[in-house]
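Secondary and tertiary structure notes
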Amino acid sequence: MTAMAPSVKPKIAVFSGPTATIQNSEPLVTSNKARHKYGLPLRTNPDGIPLRFDALRPQRLAAPVTVYIEQFSAHPLERDAAELYAPPDGYLDPAGVFHSERQGPRDIPVYEVTLRPEDGLYPLPYMACQANGQAWEDDGAMPQAPAAQCRQPFYPDASRLFEEIDRLGLSDDGLASLLSSKADYDFYRAVPSGGYTKGLPASQRTDMGEGDIAPETLGRHFFPYRPAYLRWEPPMASLARLTNVVQQALASGQYVGAIWLEGSPFVEETSYWLNLLIDTPVPFVGNASQRAHGAVSNDGDRNIIDAVDYILSRIWADADGRDSVGVVVIQDEQLFTAREVQKADARPGGYVATGGHGGIIGTMGQPGPPALTFRPVKRHTHASAVHLRRLPACVEGVRLDNGRLARVAVPIKDAQGALLATAIPKVTIVKHARYLPEDTSGDPEAEVDILSRASPRTCVRRPWPASWPRAQPHSPR
């Protein structure tokens, strides 16, 4: 027989952003099976009776194990069609001994299977306890525990998230491998939600990068929101960091598309930023989740699968094969343009289009393939007039120096063309309201609020090129 060449799957870049519920695991609570084993109080219902079931968490086997699965236990009506089934592998007698043939009327028909570590993750009871012997009840070792006594619920990159979706997610056809069957993935920690506080050897890295990861600091290298009292929001300089990571990755030309994962209230802003700044001809999707990964009715896993399907569908391509749509946010099977999407309500289905000029440009089918209802005409990504490659290396600004305005050069990019963290401006947005003036004197010295906002800033003076898009009245951005 002639050996077949291995198929070459398309590759997608996946970028992890901050406070991302979509990469957030529910608390790892010690199971009742472990509590019973170690003599700890059991978790109970409100009536004091022990919980009926333990939560099963995806974990790895350390060695092969043979298990016996009761026949007709996968569905209540399997037995109703028993004549359609092949015989079981054997039978367990009342003492639990396996026999290839039935020994008596009380024997249980079973399938014999060996589970192996290389199979991947299996749902299993969580057996871990704290170092002091107590059970884990939440992320922290105790209520309001300091960061050093808290476990991180966020994944450091999306590789584990994709593995769990691939292993445990089911398609409409009852199949798994919903991600790996379609594409390969590289994972980038752009501005991640979880970090390695003790560092990580290069040999254990699951993300794209070289060398060891040095010990990382909460609020500097990674940005979670759980536990709530340890929440950190990324600083403005993070916009430069994530822009450079994304642009460098997509400039390699090895990806057919990209996915950005971030917290649900903020994925809209970052997606729009990427829509303007990233110079790439490939499709780009923002994803978020209203409920944590693994929770009942979690929406994030499906959003990721839909993002992959959208990228591979090529409905975004123009006649030259380039992206004609720009960055989209895919939530709840709807395609939103990055400019118009807004989280309006904290629930699945809570995203709306703003601006009154469209914004929902298609659906993920169901039934049927992904489909666009129209194509937006606004500039984006490779066509953007302000993407990273088109930004000037330096602009002219003014600075208050000894009471006088002096012209200064304001660097925007470094010698390699990367965006400088110091170039991210601080923009104050004030909604006009009646009864705003301090008094009727018109004295500018009385406008203390404006003075306090303006004093630490450098004003940038740059003519607005005719080719750049101009803001329209009542623009949503």
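In this report, we go over the structure that sits alongside the text. These numbers come from a predicted model, not from an experiment.

Conventions and cut-offs
Sequence order as written defines the numbering, with residues in each chain counted from 1. Since the coordinates come from a predicted model, pLDDT governs what is reported: local features require at least 70, and pairs of side-chain atoms require 80 or more to be given and counted, while whole-chain, interface and lining totals use all residues. The side-chain values count all of the structure's non-hydrogen atoms but skip hydrogen atoms and water molecules. Put simply, DSSP marks the helices as runs of H or I at least four residues long and the strands as runs of E at least two long, and each gets a number from the N terminus on. Burial here depends on accessible area, computed with a 1.4 Å probe over protein chains only, as a share of the maximum for the residue type. Under 20% is buried, over 50% is exposed, and the range in between is partly exposed. We call two residues in contact when some of their heavy atoms are within 4.5 Å. Surface accessibility follows the Shrake-Rupley procedure with a 1.4 Å probe radius. Residue values consider only the protein chains on display as shielding. Under the counting rule used here, the positive set is Lys and Arg, the negative set is Asp and Glu, and His together with the chain ends is not counted. Charge positions are represented by NZ for Lys, CZ for Arg, CG for Asp and CD for Glu. Between any two strands, at least two bridges found by DSSP are needed for them to pair. Comment: axis = line fitted to C-alpha atoms, over the contacting stretch for helices; angle = value between 0 and 180 degrees taken between N-to-C directions. Here, a salt bridge means any side-chain nitrogen of Lys or Arg that lies within 4 Å of a carboxyl oxygen of Asp or Glu. What qualifies as a polar contact is a pair of N or O atoms within 3.5 Å, subject to a donor-acceptor requirement within protein and to the restriction that residues adjacent in sequence count only when both atoms come from side chains. Within 6.5 Å between ring centres, the rings of Phe, Tyr and Trp (the latter by its six-membered ring) count as paired, and their orientation is classed by plane angle as stacked under 30 degrees, edge-to-face over 60, tilted in between. For a Lys NZ or an Arg CZ to count as sitting over a ring, it must be within 6 Å of the ring centre and within 35 degrees of the ring normal.

1. Digging into the overall build of the chain
Tallying secondary structure elements over the chain gives six helices and 19 strands in all. Of all 477 residues assigned to the chain, the portion counted as buried reaches 40%. Here the analysis covers contacts within the chain between residues at least 6 apart in sequence; of these, 66% occur between residues at least 24 apart. For the chain, the accessible area works out to roughly 27400 Å², and carbon and sulfur atoms hold 56% of it. Both charge centroids of the chain, one from 49 positive and one from 54 negative side chains, sit 7 Å from each other.

2. What about the sheet that holds strand β10 (residues 284–287)?
Taken in spatial order, the eight strands of this open sheet run β8-β1-β9-β10-β11-β12-β15-β16, and their pairing is mixed. The two strands at the open ends of the sheet, each matched to only one other strand, are β8 (184–188) and β16 (371–372). Lying on the sheet, helix α4 (residues 267–277) is in contact with β9 (257–261), β10 and β11 (328–331); it crosses β10 at an angle near 165°.

3. Examining the pattern of salt bridges
Tallying each qualifying case throughout the model produces 20 salt bridges. Between D345 and R347 there is a salt bridge; the shortest N-O distance is 2.9 Å. Here the residues in one salt-bridge network are E26, D139 and R226, joined through shared partners.

4. Considerations on the environment of S193
Locating S193 in the fold gives a position in the loop between β8 and α3 (237–251). Here the side chain of S193 touches G17 through a polar contact of 2.8 Å, landing on its backbone oxygen. In terms of polar contacts, S193 uses its side chain to reach the backbone amide nitrogen of A20, at 3.0 Å.

5. Remarks on the environment of V386
One can find V386 in the loop between β16 and β17 (394–401). A relative accessible area of 18% means that V386 is categorised as buried. A C-alpha to C-alpha distance of 43 Å links V386 and P146, two positions 240 residues apart in sequence.

6. Considerations on the packing of aromatic side chains
Tallied over the entire structure, the rule returns nine aromatic pairs. An angle of 65° between the planes, with centres 5.0 Å apart, marks the rings of F162 and Y185 as edge-to-face. On the criterion of sequence distance, the pair formed by F162 in helix α2 (residues 159–168) and Y185 in strand β8 is long-range, its members being 23 residues apart. Classification of Y185 as buried rests on a relative accessible area of 15%. Measuring from centroid to centroid gives 5.2 Å for F162 and F187, while their planes differ by 75°, and the two rings are edge-to-face. Placement of F162 in helix α2 and of F187 in strand β8 is noted, with a sequence separation of 25 residues between them. Accessibility classification places F162 together with F187 in one group, the buried group. One aromatic cluster in this structure is built from F15, Y188, Y255 and F284. The positively charged end of R151 is found above the aromatic ring belonging to W136, 3.8 Å away from the centroid.

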